[in-house]
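Survey of secondary and tertiary structure
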Amino acid sequence: MALIEFDRLRKVYPGSTAPAVDDLNLHIEAGEFLTLLGPSGSGKTTTLMLLAGFEVPSAGTIRLDGRPIEALPPHKRDMGVVFQSYSLFPHMTVEQNVAFPLSVRKVPASAVREKVAAALDKVRLTHLAQRRPQQLSGGQQQRVALARALVFEPRVVLLDEPLSALDKKLREEMQLEIRRLHRELGVTMVFVTHDQSEAMTLSDRVAVFNQGRIEQLAAPQRLYDAPANPFVAGFIGDNNLLSGEAESDSTLRLPGGACLHGRAAGALPRGQGATLCLRPEHLRVASPGEADNALQATLLDAIHQGDHWRLVAQLHGSQVTWFAKLAPGALPQGLVPGQTLGLAFRREDAWLFAQ
Ligand SMILES: Nc1ncnc2c1ncn2[C@@H]1O[C@H](COP(=O)(O)OP(=O)(O)OP(=O)(O)O)[C@@H](O)[C@H]1O
Ligand SMILES: [Mg+2]
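Residues numbered from 1 in each chain as written. Chains lettered and ligands numbered in written order. Predicted model: local features only at pLDDT ≥ 70, side-chain atom pairs only at ≥ 80, totals over all residues.

From N to C terminus, the protein chain includes eight helices and 21 strands. Going through the 355 residues of the protein chain one by one, you find that 34% of them count as buried. Long-range pairs, those at least 24 residues apart, make up 64% of the contacts in the protein chain with a sequence separation of at least 6. (Helix = DSSP H or I, 4+ residues; strand = E, 2+ residues; numbered from the N terminus. Buried ≥ 20, exposed ≤ 12 C-beta atoms within 10 Å, placed from the backbone. Contact = placed C-beta atoms within 7 Å.)

Right, dumping it as C-alpha cells:
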C-alpha cells in the first residue's frame with residue numbers, strides 16, 4: 001500500500017471556473033523523493049497545500065496509510081512543510097524558530113532542547129542558533145526552515161520551491177544537502193519546483209504537471225528517454241518539434257511531401273496529424289547528398305558553449321527553428337551563418353506522437 005494516495009482529487013477555488021487541480025490520482029511510496037514539476041499555475045502548490053491541509057479539496061480523497069485525512073487539521077497530519085518564502089518568525093532566534101512546531105505539539109520542554117539541537121545539527125547550523133533570521137544569508141534561512149520542518153520527525157516533508165530565491169551555486173549546494181538529508185533520515189519528501197534540472201537531480205520520481213493534471217509520472221531518466229507526449233518532451237530537456245501527418249506508424253509526412261522516420265509513442269493512425277520530437281544532441285550535420293532522415297536548413301547561429309557547439313538553424317520549407325548540440329570537433333570547417341546545411345538523425349532517436 002502506498003503511504004499517500006490521492007484519489008480523484010479536485011480543487012476549484014471560489015470564484016474561478018477552471019479547476020486548479022483536476023481529478024488527480026497519485027500514489028506516493030514511503031521513503032520516496034517525489035517531485036511535482038510543471039509550469040507556473042499548473043497546480044503544484046495547490047496539490048501540496050491540499051496534502052498539508054492548508055486547502056480543502058472540492059472533491060476526491062487523500063489517504064495517509066489508507067485512512068482519509070481531509071478532516072484532519074495540518075498539525076495532526078505528521079507532515080513538515082517548507083514554504084516558498086522562508087516564512088521564519090523575524091522576532092525569534094533560529095533556535096526559537098525551530099522549536100516552534102514542538103510547542104504547537106505540546107512537546108515537554110526537556111525534550112525540546114534535545115530535538116532542536118539535533119535538527120540544527122542535521123542542517124549544520126548549530127553555531128548560528130542564537131541569531132535572528134535577518135542576520136542570516138538566504139541559504140542559511142532556508143536551512144532553518146528545513147530544520148523547523150524536520151524537528152518533530154514527521155513522516156513526510158513537503159517543500160514548495162524552497163531554493164528558488166537562492167543563486168545558482170548556493171542552490172546546487174542546497175540540493176545536495178536535501179539529497180543527503182533524504183538519504184540519512186529515510187523520510188518521504190514531496191518537493192515542488194518548476195526547474196527541470198533540479199527535479200532530475202533530486203527525485204526518485206517526477207510528476208509532470210500541466211493545467212492541474214499529471215502528464216506523466218516516472219523516474220527522471222524515463223521522462224527524458226521516453227516522454228509520454230510532446231508536452232513532457234518539451235518540458236524535460238531541450239527538444240525540437242516538427243508537425244506533419246502520419247504516413248505509417250513510424251513515418252511522418254511533412255507538408256512539402258518529404259518523409260521522416262521515427263518511433264511511434266502510442267497509436268498513430270494513418271492520415272492523422274502527428275508531431276516528431278527530437279533532442280538536439282541527436283542531430284548531426286549530414287554528409288553531402290545524404291537524404292534519408294535528413295533535412296535542409298539555413299544556419300542562423302553557431303554558439304561555442306565550451307564542451308559543445310549549439311547550432312540554431314531554420315528548416316527549409318517551414319518557419320520552424322531547430323537546435324543542434326554538436327561535439328566540439330563535429331562542426332564542419334568554414335561553416336558560417338547564412339549557409340545551408342543538412343541535419344540528419346537516426347530513426348530510433350526520434351519520437352512520433354499523435355496530435
Ligand atoms: N487562493 C487562490 N484563489 C484562486 N485561485 C488560485 C489561488 N491559488 C492559486 N490559484 C490558481 O490556481 C491555479 C494553480 O495555482 P498554483 O499556485 O497551484 O500553481 P503552481 O503550479 O504552484 O504555480 P507557480 O509555479 O507559479 O507557483 C492557478 O491558475 C492560480 O491562479
Ligand atoms: Mg507554486
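The next thing to look at is the site of ligand 1. Around ligand 1 sit Tyr13, Ser16, Ala20, Gly38, Ser40, Gly41, Ser42, Gly43, Lys44, Thr45, Thr46 and His194, and those are all the residues in its vicinity. Looking at the shell around ligand 1 residue by residue, the classes come out as two nonpolar, nine polar and one charged. (Near = placed C-beta within 6 Å. Nonpolar A, V, L, I, M, F, W, Y, C, P; charged D, E, K, R; others polar.)

Extensive coverage of helix H1 (residues 44–52) is indicated by the burial of eight of its nine residues. Every buried residue of H1 is accounted for by Lys44, Thr45, Thr46, Thr47, Leu48, Met49, Leu50 and Leu51. Residue Gly53 follows H1 closely and has a positive phi angle near 95°.

Apart from glycine, the bulk of residues carry a negative phi angle, and the bulk of peptide bonds sit in the trans form. Non-glycine residue Glu153 carries a positive phi angle of around 50°. Tracing the backbone shows Glu153 in the loop between helix H4 (138–150) and strand S7 (156–160). One non-glycine residue with positive phi stands out, namely Asn293, at about 50°. Relative to the helices and strands, Asn293 is located in the loop between strand S16 (284–285) and strand S17 (294–304). Given 18 C-beta atoms within a 10 Å radius, Asn293 is considered partly exposed.

On the basis of which strands lie adjacent, the open sheet formed by four strands has the order S2-S1-S4-S5 and antiparallel pairing. The open sheet has two edge strands, strand S2 (21–28) and strand S5 (67–68), and neither has a second partner. Strand direction decides the pairing type here: strand S1 (residues 4–11) and strand S4 (residues 59–64), joined by five bridges, are antiparallel. Note on S4: the bridge partner recorded for Glu5 is Arg63. (Pairing = 2+ DSSP bridges.)

As far as domains go, the protein chain holds domain 1 (4–230) and domain 2 (238–354). Each of domain 1 and domain 2 has a C-alpha centre, and the two are 39 Å apart. Domain 1 puts four residues into the contact, and the matching count from domain 2 is six residues. For the side of domain 1 that touches domain 2, the class distribution of residues is three nonpolar, one polar and no charged. (Domains from an automatic or database assignment.)

Glancing now at helix H3 (residues 109–122). For H3, which comprises 14 residues, the first-to-last C-alpha distance of 20 Å matches the rise-based estimate of 20 Å (1.5 Å per residue) to within 8%. The secondary structure elements touched by the buried residues of H3 are helix H2 (94–104) and H4. Phi turns positive, to about 60°, at Arg124, one or two residues after H3. (Expected span 1.5 Å × (residues − 1).)

Of all hydrophobic cores here, the largest spans 81 residues; its most connected members are Val98, Ala147, Leu158, Val190 and Val208. No other element matches H4, which puts six residues into this core. Taken together, domain 1 (4–230) and domain 2 (238–354) each give at least three residues to this core, which thus spans both. Contact partners of Val190, with chain neighbours within four places excluded, come to Ile28, Leu34, Leu36, Leu48, Leu51, Val156 and Leu158. (Core = buried A, V, L, I, M, F, W, Y, C linked by C-beta atoms within 7 Å.)

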